[in-house]
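# Structural features, examined
The lines below spell out each chain.
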Amino acid sequence: MSVAHQDDDLLFVNPDLSRDYDRGACLRVVYLTAGDAGQTGDYVRSRENGVRAAYAVMAEASNTWKRSDLRAGGRRLRAYSLVKPPEGRGDIQLIFMGLPDGFPKGGGTPAYGRESLLKLFRGGHGRLTTVDGSARYDERTLIAALRGLIQRFRPDVIRTLDHHSTRLGYSTTQSVDHSDHAVTARYTLLAARHAMAATPGLRPELAFYRTYGISSLPANLTLDEHTRKRTIFEAYVVQVTCGPGGCATAPPRMGATESAWVARQYRRQDPAPVEDTIVSWAGSTSAPNDDSATARCLAVREGPSARDVVRTYACDGTRAQSWYTRGPPCAAPWTDAA
């Protein structure tokens with residue numbers, strides 16, 4: 001699984017994570033950003049401590065972890081593994097890439113040179129430096145690291161956030177999303193496609209999860225699912241708010257927004273592509289959140305030069321977007337144009 005911040009998984013992807021673990025799956029969670037919110041040091045560590053505590057509660061195990069760094073795509077990635085999962089249960093490994101938090105609209109923060117995943121995605125920043133200064137990533141090396149993790153672990157399911165999101169910001173009532181969420185999901189999708197193209201037999205299910213706006217949708221978890229998800233997230237909140245020693249007084253209470261997210265989980269479903277089209281589901285990051293901006297179809301158009309003849313446009317169902325294959329059919333055709 002790949003998410004942007006150290007609570008996205010707990011708020012938006014769970015309880016599917018708990019179900020995976022209960023079925024005996026190993027969990028590998030990659031956090032692309034440090035979730036720093038423009039801060040340094042203690043705050044970043046508190047969020048990492050929080051997710052470790054939360055996963056220990058999910059596993060019903062002692063909150064004891066060991067450093068278990070690994071290499072992927074030529075990069076060394078900082079990781080931690082749960083020391084003693086319950087007998088018969090899978091391993092849990094949390095991997096922290098430590099890129100700077102881009103803030104909802106992708107403007108970044110002065111503490112880290114205004115760098116952000118959105119600027120990298122749009123070509124505005126050639127490289128991102130991790131918040132601890134230990135590594136730099138351009139788009140190629142970031143995708144290579146994610147691809148390397150997918151090829152290493154060969155997951156049955158890759159869970160990430162909503163790559164459909166095209167309007168970026170923060171709202172709990174409108175269809176907008178954090179820039180780090182949207183771009184993390186896009187890079188995860190690209191890395192998965194690269195990994196599948198290079199690795200025979202690797203065909204994981206891809207699952208995408210809606211984020212902020214789910215608070216305006218009906219609560220859809222059962223009482224047991226809601227209770228367990230809340231208990232897991234509260235373990236995170238205690239660490240972030242009170243630190244490793246816990247709270248001297250009563251544990252902090254979740255805010256209304258977090259409580260709403262904890263009571264819900266919604267996947268984002270891909271619309272069905274029209275027959276004979278070649279579709280890219282990673283579209284604009286500056287347009288309304290609708291399929292015309294996200295579902296882009298490969299089309300033939302007249303242009304001033306040869307390189308402009310074939311490109312992606314809003315899907316319109318015309319003959320200019322209808323394609324056929326020559327030669328033997330593909331073994332496993334895709335609906336995504338890289």
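The structure under discussion appears in the preceding block.
Below or above, wherever it landed, is the structure these notes cover. Just so it is clear, the model here is predicted, and its values are computed rather than measured.

A separate point is the sheet that holds strand S13 (residues 310-314). With antiparallel pairing, three strands are arranged side by side in an open sheet as S11-S12-S13. Single-partner strands in this sheet number two, and they are strand S11 (279-280) and S13. Two strands pair when backbone bridges link them, and S11 and strand S12 (residues 296-300) are joined in this way by two bridges, in the antiparallel orientation. Directly across from Ser-280, in S12, lies its bridge partner Arg-296.

With that settled, the discussion passes to the state of the cysteines. Think of a disulfide as a covalent bridge from one cysteine sulfur atom to another cysteine sulfur atom. Counted under the stated rule, the structure contains one disulfide. Note that Cys-297 is cross-linked by a disulfide to Cys-315, the S-S spacing being 2.1 Å. The sign of the S-S torsion, about 95°, decides the handedness of the disulfide formed by Cys-297 and Cys-315: right-handed. Of this pair, Cys-297 sits in strand S12 while Cys-315 sits in the segment after S13, placing them 18 residues apart in sequence. Residue Cys-297 is classed as buried on the basis of its relative accessible area, which comes to 3%. Using a relative accessible area of 36% as the deciding quantity, one classes Cys-315 as partly exposed.

Here Arg-264 shows up in the loop between helix H8 (256-262) and S11. Put simply, Arg-264 and Ser-215 are 49 residues apart on the chain and 7.4 Å apart in space, counted from C-alpha to C-alpha. Discounting residues that sit within four places of it in the chain, Arg-264 has contacts with Leu-11, Asn-14, Ile-214, Ser-215, Leu-217, Pro-218, Ala-219, Asn-220, Leu-221 and Lys-229. Within the structure, the side chain of Arg-264 is placed 3.3 Å from the backbone oxygen of Ile-214, a separation counted as a polar contact.

With that out of the way, let us pick up helix H3 (residues 42-59). A rise of 1.5 Å per residue sets the reference length of H3, with its 18 residues, at 26 Å; its end C-alpha atoms lie 26 Å apart and thus fit the reference within 8%. Of the residues trailing H3, Glu-60 is marked for its positive phi of about 55°.

A cluster of nonpolar side chains, Val-300, Val-309 and Val-310, forms an exposed patch at the surface whose accessible area comes to about 190 Å². Relative to the helices and strands, Val-300 resides in strand S12. A relative accessible area of 39% means that Val-300 is categorised as partly exposed.

Take the packing of aromatic side chains next. Summed over the entire model, instances satisfying the criterion amount to eight aromatic pairs. Taking the centre distance of 6.1 Å and the plane angle of 65° together, the rings of Tyr-80 and Phe-96 count as edge-to-face. Residue Tyr-80 is located in strand S5 (residues 75-82), and its partner Phe-96 is located in strand S6 (residues 92-99); the two are separated by 16 residues in the primary sequence. Side by side, Tyr-80 and Phe-96 carry an identical accessibility label, which is buried. When the centroid spacing of 4.6 Å and the interplanar angle of 70° are considered together, the rings of Tyr-170 and Tyr-212 count as edge-to-face. Pair noted here: Tyr-170 is in the loop between strand S9 (157-161) and helix H6 (179-198) and Tyr-212 is in the loop between strand S10 (205-209) and helix H7 (223-242), with a separation of 42 residues, a long-range link. On the basis of relative accessible area, Tyr-212 is assigned to the buried category, the value being 8%. Ring-pair connections join several aromatic residues into one group, and the members of that group are Phe-12, Tyr-170, Tyr-212 and Trp-261. It is Arg-52 that lies over the ring of Tyr-80; its NZ or CZ is 4.4 Å from the centre. In this arrangement the basic side chain of Arg-75 is found over the ring face of Tyr-137, its NZ or CZ atom lying 4.6 Å from the centre.

So, how was this worked out
- Residues numbered from 1 in each chain as written.
- Predicted model: local features only at pLDDT ≥ 70, side-chain atom pairs only at ≥ 80, totals over all residues.
- Heavy atoms only, no water.
- Pairing = 2+ DSSP bridges.
- Helix = DSSP H or I, 4+ residues; strand = E, 2+ residues; numbered from the N terminus.
- Disulfide = S-S within 2.5 Å.
- Buried < 20%, exposed > 50% of the residue type's maximum accessible area, 1.4 Å probe, protein only.
- Contact = heavy atoms within 4.5 Å.
- Polar contact = N/O pair within 3.5 Å; in protein donor to acceptor, adjacent residues only side chain to side chain.
- Expected span 1.5 Å × (residues − 1).
- Patch = residues over 30% accessible without salt bridge, like charges linked within 9 Å, V, L, I, M, F, W, Y side chains within 5 Å.
- Areas by Shrake-Rupley, 256 points an atom, 1.4 Å probe, with all protein chains shown as cover.
- Salt bridge = Lys/Arg side-chain N within 4 Å of Asp/Glu carboxyl O.
- Phe/Tyr/Trp six-rings, centres within 6.5 Å; stacked < 30°, edge-to-face > 60°.
- Lys NZ or Arg CZ within 6 Å of the ring centre and 35° of its normal.

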